[in-house]
Amino acid sequence: MTLAPPIYRLDKIAHFYGDKQVLDIARLEIPKGAIIGLMGPNGSGKSTLLKILAFAMRPSSGRVWFNGTPQYPFCEAIQGNVSLVTQKPYLLKRSVFDNIAYGLKIRRPPRDLTQRVQQVMAEVGLNFDRFAYRQWHELSGGEAQRVALAARLILRPEVLLLDEPVASVDTRSADLIRKASLAARQNRGTTLVVTSHDLPWLFTCSDTQLSINNGALFATGQEITIPGPYIRSHRTGRIWTRQLDDGQVIQLPARVDSGRTALIQRKDIRVMGPEKMEASTDNQIRGQVQSMYMTGQHGDIMTTIDAGGISFMLGMTPGQAARLNLQPGTVVTLAFNSCDIRWH
Amino acid sequence: MDYIVDGFIKAFFLLIHLDPATTSAITATLKVSTIAMIISLTIGLPLGFVLGYFDFPGKRHIKTLVDTLLALPTVCIGLIVYALISSRGPLGDWHLLFTLTGIAMGLTVLALPIVIAITAATVENIDSELKLTLVSLGAGRRHILRTCLWEVRYGILAGVVTAYGRVLTEVGIAMMVGGNIKYHTRTMTTAIALETNKGQFADGIALGIVLIIIALCVNICLSFLRKQ
């Protein structure tokens, strides 16, 4: 089996705003045609990463390779091939038609421009006759978001970057955006990188998920982040802990100098009934199931369990979920050993 | 009181019968102000865009300089331009003193900082998402400049109208550089000043009415643009 060559390769990317480092990525490869879901708290570096991937800004250090060649903002190779839809998309002060056609008009407009506009408007669920000649200020938030997406889709970009595309839209718009994004991959092989706080939405439309915390990337498929603040135990000096909002404590291993974030493999966490205890496990914390949803690819159930303010997203088979009688609101025990936690 | 009423009546007849001295002053004013605005816009729009859009060392100092030029009294501009184009000045060989071109030159110096400052301020307030959007839509530097200016066209047009109003009603430069020569460099404002000094209120009022009508049109345009 041959793997698709990466469309992006990021090498030693670091970015600073003043003295504050917001991005620290040693290496990242994004395969052609992949849909990457990027999640992380506000201020974690998601939007900065997307702007760098869109070549809208240069990183403070490091290189971004696109299709095997290092590229920079305004390079011809990326103009129109990489397109970003921001969280609050800016619509040009003109009609919907002119907004969507802009990217093609500044090149050599094709003869079938009207047809192409009609086609992408249909893809994002906008009726041409009703919307094409509306002005930019006559649209709702969801309609504006779909116009912005259509303006990118008409360019048939190799890469489409969507920053919180469903943050302020209704469920119908969110569904139309998801369908249009998936169709772009299916019909034209477009690579997508999507950020969202709406995890069910993200899991249903992406095939790989990455989480970003303090500017560092983690593969969500395998690892879970235990965010700080971390407290050093005064008694031993070597042991670190993380106090949860409800008073429970997670024991952490001795911290290595460069470690900024505590991580644990998903497979090392066991979900048990609320009364069950394991004598050999030093971390046993109570949590409550917040949400459960089917993931798009493997039919697994992604279960979000809140334990004292930290979300543990664990994938499980329908059989496992049924055995534990899991449903939103169920109280469970999460068991894991501190020696399985590592510092990144 | 009667002389004011008589002045209005005579002004009406002067305008109706297209009095040559009056129409000459109107034509000279429109000519110099239009030339000055064309030059100011050609130079000022790109400079204002650069000043508002990009960050570069010394930007703050340049902005301070432009803002200072905004407050420069017109008689100072008249004095500087006079010194430059008089026969003893560095541009003396061009014989621009007491010509409409000389006046247009002075008016350009007056309008240029207004155009630069208003363009820069308007461009500075452009939504930061606009540039990101244009880059995402594959726009190069040239298209970014053109589209950004088009997006803030109403703000810039308001600036242009303000500058035009200032140029149109200017008296110091026209008087000093133009010399107020009848049928040649006499503008509406210099004519009003002269006729009033001579006690010829009718001529002054006639030109004043025209000036007020033009100013009214300019302000109607401005108010329309602000609504946009």
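Computed from a predicted structure; not experimentally measured.

Undergrad: Can you help me understand the overall build of chain B in this one?
TA: When its secondary structure is counted, chain B shows eleven helices and zero strands. The N-to-C order of helical and strand elements in chain B reads α-α-α-α-α-α-α-α-α-α-α. Viewed in the frame of its principal axes, chain B has a C-alpha envelope of about 65 × 45 × 25 Å. Burial statistics for chain B: of 228 residues in total, 41% are counted as buried. Taking the intrachain contacts of chain B between residues at least 6 apart in sequence as the baseline, contacts between residues at least 24 apart amount to 77%.

Undergrad: Could you clarify how one ought to interpret the pairing of strand E18 (residues 301-307) of chain A in this entry?
TA: Residues in a regular strand project their side chains so that they alternate between the two faces of the sheet. Residue and element names in this part refer to chain A. The pairing of strand E17 (residues 283-294) with E18 spans six bridges and is antiparallel. By the bridge assignment for E18, serine 291 is matched with threonine 304. Across seven bridges, the pairing between E18 and strand E19 (residues 310-316) is antiparallel. When the bridges of E19 are listed, aspartate 306 appears paired with serine 311. Where E18 folds back onto E19 in an antiparallel hairpin, the turn is made up of two residues, including glycine 308, whose phi is positive at roughly 55 degrees.

Undergrad: What am I meant to see in the interface of chain A and chain B here?
TA: Where the parts come together, the accessible area they lose is often given as the size of the interface. The interface is formed by 19 residues belonging to chain A together with 14 residues belonging to chain B. Of all the secondary structure elements, the ones that give two or more residues to the side of chain A that touches chain B are strand E6 (82-85), helix H2 (96-105) and helix H5 (141-153) of chain A. Per-class residue counts for the side of chain A that touches chain B are eleven nonpolar, five polar and three charged.

Undergrad: Hey, could you run me through H5 of chain A in this one?
TA: Side chains that are three or four residues apart share a direction in an α-helix, a result of its 3.6 residues per turn. Between the first and last C-alpha of H5 of chain A there are 18 Å, a value that for 13 residues agrees with the 18 Å anticipated at 1.5 Å per step. Burial analysis of H5 of chain A places ten of its 13 residues in the buried class, which makes it a mostly covered element.

Undergrad: How should I be thinking about the domain arrangement of chain A in this particular structure?
TA: Residue and element names in this part refer to chain A. Examined at the domain level, chain A breaks down into domain 1 (6-217) and domain 2 (223-343). Here domain 1 and domain 2 have C-alpha centroids that lie 33 Å from each other. Facing the ten residues of domain 1 at the interface are eleven residues of domain 2. For the side of domain 1 that touches domain 2, the secondary-structure elements that each account for two or more residues are helix H7 (199-205) and strand E9 (208-213). Examining the composition of the side of domain 1 that touches domain 2, we find that five residues originate from one element, H7, more than from any other. Along the lines of polarity and charge, the residues of the side of domain 1 that touches domain 2 split into five nonpolar, four polar and one charged.

Undergrad: Could you clarify how one ought to interpret the nonpolar core in this entry?
TA: In terms of nonpolar packing, the biggest core is built from 74 residues, with Ala54, Ile100, Val147, Ala150, Ile154, Leu161 and Val193 of chain A touching the most fellow members. With near-sequence residues (within four places) excluded, alanine 54 of chain A lies in contact with Val82, Leu84 and Leu161 of chain A together with Val135 and Ser136 of chain B. Within the second largest apolar cluster, 57 residues are counted, among which are Ala25, Met37, Ile85 and Met188 of chain B.

Undergrad: So what exactly am I meant to see when it comes to the environment of aspartate 170 of chain A here?
TA: Within the element layout of this structure, aspartate 170 of chain A appears in the loop between strand E7 (159-163) and helix H6 (171-188). Between the alpha carbons of aspartate 170 of chain A and phenylalanine 218 of chain A there is a distance of 30 Å; along the sequence they are 48 residues apart.

Undergrad: What's the story with the sheet that holds strand E13 (residues 240-243) of chain A in this structure? I'm lost.
TA: In a beta sheet, neighbouring strands are held together by backbone hydrogen bonds and run either parallel or antiparallel to one another. Residues and elements named next belong to chain A. Judged by pairing direction, the sheet is antiparallel, and its three strands sit side by side in the order E12-E13-E14 without closing on themselves. Unpaired on one side and paired on the other, strand E12 (231-232) and strand E14 (249-252) mark the two borders of the sheet. As judged from the two bridges shared by E12 and E13, these two strands associate in the antiparallel manner. Following the sheet pairing, arginine 232 is matched in E13 by tryptophan 240.

Undergrad: How do you make sense of the environment of glycine 45 of chain A when you look at a structure like this?
TA: All names here are of chain A. Positionally, glycine 45 belongs in the loop between strand E3 (35-39) and helix H1 (46-53). The exposure class of glycine 45 is buried, given the 23 C-beta atoms found within 10 Å. Aside from chain neighbours lying at most four places away, what touches glycine 45 is Val22, Leu23, Ile212 and Gly215.

Undergrad: Help me out: how do you make sense of the confidence of the model for chain B in this one?
TA: Should pLDDT be low for a region, the predicted coordinates there are not to be read in detail. Residue and element names in this part refer to chain B. The predicted model of chain B averages 88 in pLDDT, with 98% of residues at 70 or higher. Here helix H1 (residues 2-16) is the element of chain B with the lowest mean pLDDT, 78, and helix H5 (residues 100-124) is the one with the highest, 94. If you check the scores for this complex, the pTM reads 0.71 and the ipTM reads 0.73.

Undergrad: Is there a simple way to explain the packing of helix H2 (residues 20-53) of chain B against helix H8 (residues 153-168) of chain B in this structure?
TA: A pair of packed helices can be characterised by two numbers: the angle between their axes and the separation between those axes. Residue and element names in this part refer to chain B. Two elements in contact, H2 and H8, have axes whose closest approach is 10 Å; the angle formed by their N-to-C orientations is 140 degrees. In terms of orientation, H2 and H8 fall into the oblique class. Every pair of crossing elements has a handedness; the one defined by H2 and H8 is right-handed. Facing H2, whose interface residues are Thr29, Ser33, Ala36, Met37, Ser40 and Leu41, H8 presents Val160, Ala163, Tyr164, Val167 and Leu168. Grouping the constituent residues of the contact of H2 with H8 by class yields eight nonpolar, three polar and no charged.

Undergrad: Looking at this model, I keep getting lost on unusual backbone geometry. Mind explaining?
TA: Peptide bonds are trans in most cases, and residues, glycine excluded, mostly fall at negative phi. Of note, the phi angle at lysine 12 of chain A is positive, near 45 degrees, even though the residue is not glycine. Along the chain, the position of lysine 12 of chain A falls in strand E1 (residues 6-17). Assessed through the 12 C-beta atoms surrounding it within 10 Å, lysine 12 of chain A is described here as exposed. Of note in the backbone geometry, phenylalanine 98 of chain B takes a positive phi value of approximately 60 degrees without being a glycine. Considering the arrangement of structural elements, one finds phenylalanine 98 of chain B in the loop between helix H4 (74-85) and H5.

What counts and what doesn't
- Residues numbered from 1 in each chain as written.
- Chains lettered and ligands numbered in written order.
- Predicted model: local features only at pLDDT ≥ 70, side-chain atom pairs only at ≥ 80, totals over all residues.
- Helix = DSSP H or I, 4+ residues; strand = E, 2+ residues; numbered from the N terminus.
- Buried ≥ 20, exposed ≤ 12 C-beta atoms within 10 Å, placed from the backbone.
- Contact = placed C-beta atoms within 7 Å.
- Pairing = 2+ DSSP bridges.
- Nonpolar A, V, L, I, M, F, W, Y, C, P; charged D, E, K, R; others polar.
- Expected span 1.5 Å × (residues − 1).
- Domains from an automatic or database assignment.
- Core = buried A, V, L, I, M, F, W, Y, C linked by C-beta atoms within 7 Å.
- pLDDT = per-residue confidence, 0-100.
- Axes fitted to C-alpha atoms, helices over the stretch in contact; angles between N-to-C directions.
- Parallel < 35°, antiparallel > 145°, perpendicular 65-115°, else oblique.
- Left-handed = near helix turned anticlockwise from the far one by under 90°.

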